[in-house]
Amino acid sequence: MKLRYFSHSAFQITTHSGKTILIDPFLDENPTSPVKSSDLRPDYIILSHAHGDHLGDAMKIAKKSDPLFICVFELANYLADKGFKTHGMHIGGGYNYDFGRVKFTIAHHGSGAPDGTYCGEAAGILLTLEGKIIYYTGDTGLFYDMKLIGEMNKIDVMLLPIGDNFTMGLTDAVKAVELTNPHMAIPIHYNTFPVIEADPYAFKRRLEEQGRECRVLDFGQEIDL
Ligand code: NI
Ligand code: MN
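Per chain, residues are indexed from 1 in the order of the written sequence. Chain letters start at A and ligand numbers start at 1, both assigned in the order the entries are written. The predicted nature of this model means local features are confined to residues of pLDDT at least 70 and side-chain atom pairs, given and counted, to a pLDDT of 80 or more, with totals for whole chains, interfaces and linings taken over all residues. Values shown for side chains rest on all heavy atoms present in the structure; no hydrogens or waters enter the calculation.

**Looking at the nonpolar core**
In step 1: As used in this record, nonpolar core signifies buried Ala, Val, Leu, Ile, Met, Phe, Trp, Tyr and Cys residues forming a set joined through side-chain atoms within 4.5 Å. Burial classification: accessible surface area is computed with a 1.4 Å probe over protein chains only, and a residue below 20% of its type maximum counts as buried, one above 50% as exposed, and the rest as partly exposed. Core analysis: the biggest nonpolar cluster contains 55 residues, and I13, I46, I70, F99, V102, L127 and F203 have the highest contact counts within it.
In step 2: Element by element, the count of residues in this core is highest for helix α5 (residues 170-180), at 6 residues.
In step 3: Once residues lying within four places of it in the same chain are set aside, the contact partners of V102 are I46, I70, M89, G93, G94, Y95, Y97, I125, L126 and L127.
In step 4: Counting 22 residues, the second-largest nonpolar core is a separate cluster that includes A50, I61, Y78 and A113. Numbered from the N terminus, helices here are DSSP runs of H or I no shorter than four residues, and strands are runs of E no shorter than two. Contacts are assigned to residue pairs with any non-hydrogen atoms lying within 4.5 Å of each other.

**Quick look at the coordination of the manganese ion (ligand 2)**
In step 1: A 2.8 Å cut-off from the metal defines N, O and S donors, relaxed to 3.2 Å for Na, K and Ca; water is not in the atom list, so some sites may appear incomplete. The protein atoms that coordinate the manganese ion (ligand 2) are D53 (OD), H54 (NE2), D139 (OD) and H189 (NE2), at distances of 2.1 to 2.2 Å.
In step 2: Written as a sequence motif, the donor residues of the manganese ion (ligand 2) are D-H-x84-D-x49-H.
In step 3: Metal-to-metal, the separation of the manganese ion (ligand 2) and the nickel ion (ligand 1) is 3.2 Å; D139 coordinates the two. A residue pair is termed long-range when its members are at least 10 positions apart, and H54 in helix α1 (residues 52-55) and H189 in the loop between β12 (184-188) and α6 (200-208) qualify at 135 residues. As far as the burial class goes, H54 and H189 line up, both buried.

**So, the pairing of β12**
In step 1: For β12, the tally of buried residues reaches 5 of 5 residues, placing the bulk of the element in the interior.
In step 2: Along β12, one buried face is formed by M184, I186 and I188 and the opposite face, lined by A185 and P187, is buried too.
In step 3: One ladder, built from 5 bridges, connects strand β11 (residues 157-161) with β12; its direction is parallel. Counterpart to L159 in the pairing with β12 is I186.
In step 4: A crossover links β11 with its parallel partner β12, the connecting element being α5, and its sense is right-handed. Strands were regarded as paired on the criterion that DSSP finds at least two bridges between them. Here is how to tell: hold the view so the strands point away, follow the path from the first strand over the helix to the second, and if it runs clockwise the crossover is right-handed.

**Overview of the pattern of salt bridges**
In step 1: Only one rule defines a salt bridge in this text: a Lys or Arg side-chain nitrogen within 4 Å of an Asp or Glu carboxyl oxygen. This model, assessed by the stated rule, comprises 8 salt bridges.
In step 2: Note that K2 is salt-bridged to D224, the shortest N-O span being 3.0 Å. Taken together, the positions of K2 in strand β1 (residues 2-7) and D224 in strand β13 (residues 222-224) put the pair 222 residues apart, joining distant regions of the chain.
In step 3: Between K204 and E208 there is a salt bridge, with its nearest N and O atoms 3.1 Å apart. Taken together, the residues span about one helical turn, with K204 and E208 both in helix α6 at a distance of 4 residues.
In step 4: Taking the relative accessible area as the measure of exposure, K204 reaches 22% and is therefore partly exposed.
In step 5: On the basis of relative accessible area, E208 is assigned to the partly exposed category, the value being 40%.

**Observations regarding the coordination of the nickel ion (ligand 1)**
In step 1: Each protein donor to the nickel ion (ligand 1) is listed here as H49 (NE2), H51 (ND1), H109 (NE2) and D139 (OD); together their distances run 2.1 to 2.4 Å.
In step 2: Each of the 4 donor atoms bound to the nickel ion (ligand 1) contributes to angles spanning 87 to 173°, and the resulting shape is irregular.
In step 3: Look at where the donors of the nickel ion (ligand 1) fall in the sequence and you get H-x1-H-x57-H-x29-D.
In step 4: Assessed through its relative accessible area of 0%, H49 is described here as buried.
In step 5: Since its relative accessible area comes to 22%, H109 is described here as partly exposed. Think of it this way: with four donors and all angles in the 85 to 135 degree range, the site is tetrahedral; with four or six donors, opposite ones beyond 155 degrees and the rest between 65 and 115, it is square planar or octahedral; otherwise it is irregular.

Taken by themselves, the reported measurements are silent on function.
Spelled out as structure tokens, the structure:
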């Protein structure tokens, strides 16, 4: 599969079979995104929560390409009420889609939509596809159950926020990687706005000092997994 990082928490996975899965597509109002929402035609959109920097342009994109939304039940209902195709799930539950398995994990965060509607719990996303396990923590503070997630799943790639203020900062994110023990960590949710400025290379150095692998992706960069 290919994983393309658009900056902030937005990324896209393209499977060998050609399915496109977009995650938390905050693009048009995102000063660091190299793409616009009009460039994308996903088959699926997975959302971690309803905040504007994650729901982002999802509805605008969905009006063009009619993807299936995969998200927590309350957010799925919010989107279904607006006429979109949805598959509601909830924390602790998994489901097998044609591209692979999605399981929602806990995240300590809120989930109000930009219009003020409360959309249930924020979540992390555990993706199993093409023999790989990707753990995207979503926006969250550090929590000890990351250790359990890592014990029960051999995580290949962990995407986690480092920007502080709304989520884990550097020190907590380093601890999150220690607890989860992925093969590789990728920092996200930083340098989009002044309030979440962080140095991803400082994060990388601190993990490498522990013998851990960390990859800092350029905004727009695509990697093979
Ligand atoms: Ni958020
Ligand atoms: Mn956020």
